[in-house]
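Listed here are the chains, written in short residue letters.
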Amino acid sequence: MTITVEHVSKRFGTFQAVDEVSLQVGDGGLVALLGPSGSGKSTLLRLIAGLEQPDSGRILLTGQDATYKSVQDRHVGFVFQHYALFKHLTIRKNIAFGLEIQKRPQAYIKNRVEELLDLVQLGGLGNRYPAQLSGGQRQRVALARALAVEPQVLLLDEPFGALDAKVRKDLRDWLRRLHDEVHITTVFVTHDQEEAMEIADEIVVMNQGRIEQVGHPADVYDRPASPFVMSFIGAVNVLPSTSPLANRPGSSTAASLFLRPQDVEIHLSPEPETLPAKVIRITHLGWEIQVELSVDDQRIMALLTRSRLAELQLQPQQAVFIKPRAVHAFETGESTRATLLPR
């Protein structure tokens, strides 16, 4: 099923939650709505689901106007952050709930529930109750319940937000594999950039009720359309337009200059176009090393591999020289334009 959102707006009192949003989700796509709290992503998801009605605009499912259709008539499955499982029902009964509402034959329900238990890797746990499962297992039950009625669209509202980091990582991998198996058009909301980059085929970056950029994860990261996207997707150093790190022809008109930590080269001796710096702090982040530097009283973050750190043998307060590989400049004007200033 395809999803088309045409010029949709939604206001709650004086708060404009969604502002003239248009979006196309292809059949079988896996799309992330990414943005900070209050950006409108959850409201947009609820509008697609039919849990909210737009003030203006249209929502089409496979070309058919569904703007004012009920949730049931849209054939969508919805998964909330906090599972919303029935505590007094077994896992089997939770998964079977929607099918029983539809009055499906008991033999079909039994087979479908067992099939879904295997699909979400919970075979043998069907007679347990939600309180007897871990958070990650409960979220998989919620997904199985949503899939039970064979929805044409699966909508997930921060499905892993209540889980710890290790469980979130495992479930992200599992959701990606599950989608590749069932191929249901899926839209999920997240404020976690890494989660969106890892799972989604396409990312929709939202801010203040509007869409800032839509694209493949690599495109959004490497070719951000605005200062907001650049600063929200991945770590970044924000530089003043007068910074010597971005002293290139044409950069004087830039309102914002951004430098990725991994684009900061560190050298032990001066080379062409390097600038003197001082090591302030070294932080080990597993396979990456974060180095905080001072350049003309400005703090700059750099990311190194462990092998590169071993080569440099850096120590706090050590004098070094740095050179950026590339600086992103967002120039002033009626329409913000991003340019890449190579060093």
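Quick summary incoming for the structure in this document. These numbers come from a predicted model, not from an experiment. Per chain, the residues get numbers from 1 upward, laid out in the order the sequence is written. At least 70 in pLDDT is required for a residue's local features to be given in this predicted model, at least 80 for side-chain atom pairs to be given and counted, and no such filter applies to totals for whole chains, interfaces and linings, which use all residues. In computing side-chain properties, one takes all heavy atoms of the structure into account and sets aside hydrogens as well as water.

**Observations regarding the layout of surface pockets**
Cut-off, in case you're wondering: For cavity detection a 1 Å grid was placed over the protein atoms alone, and a set of points counts as a cavity when a 1.4 Å probe fits there but cannot get out; an open set counts as a pocket when protein lies on both sides within 12 Å along at least five of seven lines, with lining residues being those that have an atom within 4 Å of a point. Grid points are joined across faces, edges and corners, and a volume is the space filled by probe spheres set on the points. Strands are runs of DSSP state E lasting at least 2 residues, helices are runs of H or I lasting at least 4, and numbering of each runs from the N terminus. Charged means Asp, Glu, Lys or Arg here, nonpolar means Ala, Val, Leu, Ile, Met, Phe, Trp, Tyr, Cys or Pro, and polar covers whatever is left, Gly included.
One number sums up the size of the largest pocket: a volume of about 760 Å³. Lining the largest pocket we find 23 residues, and of these Val-71, Val-76, Gly-77, Gly-98 and Val-149 sit closest to its centre. Elements supplying a minimum of two residues to the lining of the largest pocket: helix 2 (71–74), strand 6 (76–79), helix 3 (91–101) and helix 5 (135–148). A total of four residues in the lining of the largest pocket trace back to one element, the largest contributor, which is strand 6. The residue inventory of the lining of the largest pocket, partitioned by class, reads 15 nonpolar, six polar and two charged.

**Describing empty space enclosed by the protein**
If you walk through the whole model with that rule in mind, you get one cavity of 30 Å³ or more. Quantified by volume, the largest cavity comes out at close to 40 Å³. For the largest cavity, the full set of lining residues is Leu-147, Leu-154, Leu-175, Leu-178, His-179, Val-182 and Thr-186. A per-class count over the lining of the largest cavity returns five nonpolar, two polar and no charged.

**With respect to the packing of helix 3 against helix 4 (residues 106–119)**
If you want to describe how two helices pack, look at the angle between their axes and the distance between the axes. Keep this limit in mind: Only the stretch in contact is used when a helix axis is fitted, and all axes are lines through C-alpha atoms; the angle between N-to-C directions ranges over 0 to 180 degrees. Oblique is the label for every angle not falling under 35 degrees (roughly parallel), over 145 degrees (roughly antiparallel), or within 65 to 115 degrees (roughly perpendicular). Take the far helix as the reference: if the near one is turned anticlockwise from it by less than a right angle, the crossing is left-handed, and if turned clockwise, right-handed. By the convention used here, residues are in contact when the closest approach between their heavy atoms is within 4.5 Å.
Where helix 3 meets helix 4, the closest approach of the two axes is 10 Å, and the angle between their N-to-C directions is 125 degrees. Here helix 4 runs oblique to helix 3, going by the angle between their axes. Crossing hand, helix 3 versus helix 4: right-handed. Along the contact surface, helix 3 presents Ile-91, Arg-92, Ile-95, Ala-96, Leu-99 and Glu-100, while helix 4 presents Tyr-108, Ile-109, Arg-112, Val-113, Glu-114, Leu-116 and Leu-117. Taken together, the residues that form the contact of helix 3 with helix 4 break down as nine nonpolar, no polar and four charged.

**Some remarks on the sheet that holds strand 3 (residues 30–34)**
The line we're drawing: We treat two strands as partners when DSSP finds at least two bridges between them.
Read across the sheet, six strands follow the order 6-7-8-3-9-10 without closing on themselves; strand pairing throughout is mixed. Each edge of the sheet is formed by a strand with only one pairing partner; in this case those strands are strand 6 and strand 10 (210–215). For this sheet, the mean inter-axis angle between neighbouring strands, taken without regard to orientation, is 15 degrees. In terms of strand pairing, strand 3 meets strand 9 (residues 202–207) through four bridges, oriented parallel. Counted as the bridge partner of Val-31 is Glu-202 from strand 9. Those strands touched by helix 1 (residues 41–49) are strand 3, strand 6, strand 7 (153–157), strand 8 (185–190) and strand 9, and its axis lies near 150 degrees from that of strand 7. Packed on one face of the sheet, helix 5 meets strand 6 and strand 7 and runs near 165 degrees to strand 6.

**With respect to the packing of aromatic side chains**
A ring pair, where both rings are aromatic, is described by two values, the distance of the centres and the angle of the planes. Stated precisely, the cut-off is as follows: Each Phe, Tyr or Trp ring, with Trp reduced to its six-membered ring, pairs with another whose centre is within 6.5 Å; inter-plane angles below 30 degrees give stacked pairs, above 60 give edge-to-face pairs, and intermediate values give tilted ones. Whether a residue is buried, partly exposed or exposed follows from its accessible area with a 1.4 Å probe, protein chains only, as a fraction of its type maximum: under 20%, in between, or over 50%, in that order.
Scanning the entire structure with this criterion turns up four aromatic pairs. When the centroid spacing of 5.4 Å and the interplanar angle of 10 degrees are considered together, the rings of Phe-228 and Phe-232 count as stacked. Within this pair, Phe-228 and its partner Phe-232 are both found in helix 9 (residues 227–232), separated by four residues, close to a single helical turn. Taken individually, Phe-228 and Phe-232 each receive the classification buried, so the pair is uniform in this respect.

**So, the pairing of strand 4 (residues 56–61)**
Alignment of strand 1 (residues 3–12) against strand 4, held across five bridges, turns out to be antiparallel. The residue bridging Val-5 from the neighbouring strand is Ile-59, located in strand 4. With two bridges joining them, strand 4 and strand 5 (residues 64–65) adopt antiparallel strand pairing. Bridging across to strand 5, Leu-61 finds its partner in Gln-64. Between strand 4 and strand 5, which pair antiparallel and follow one another directly, the connecting turn spans two residues, one of which, Thr-62, has a positive phi of 50 degrees.

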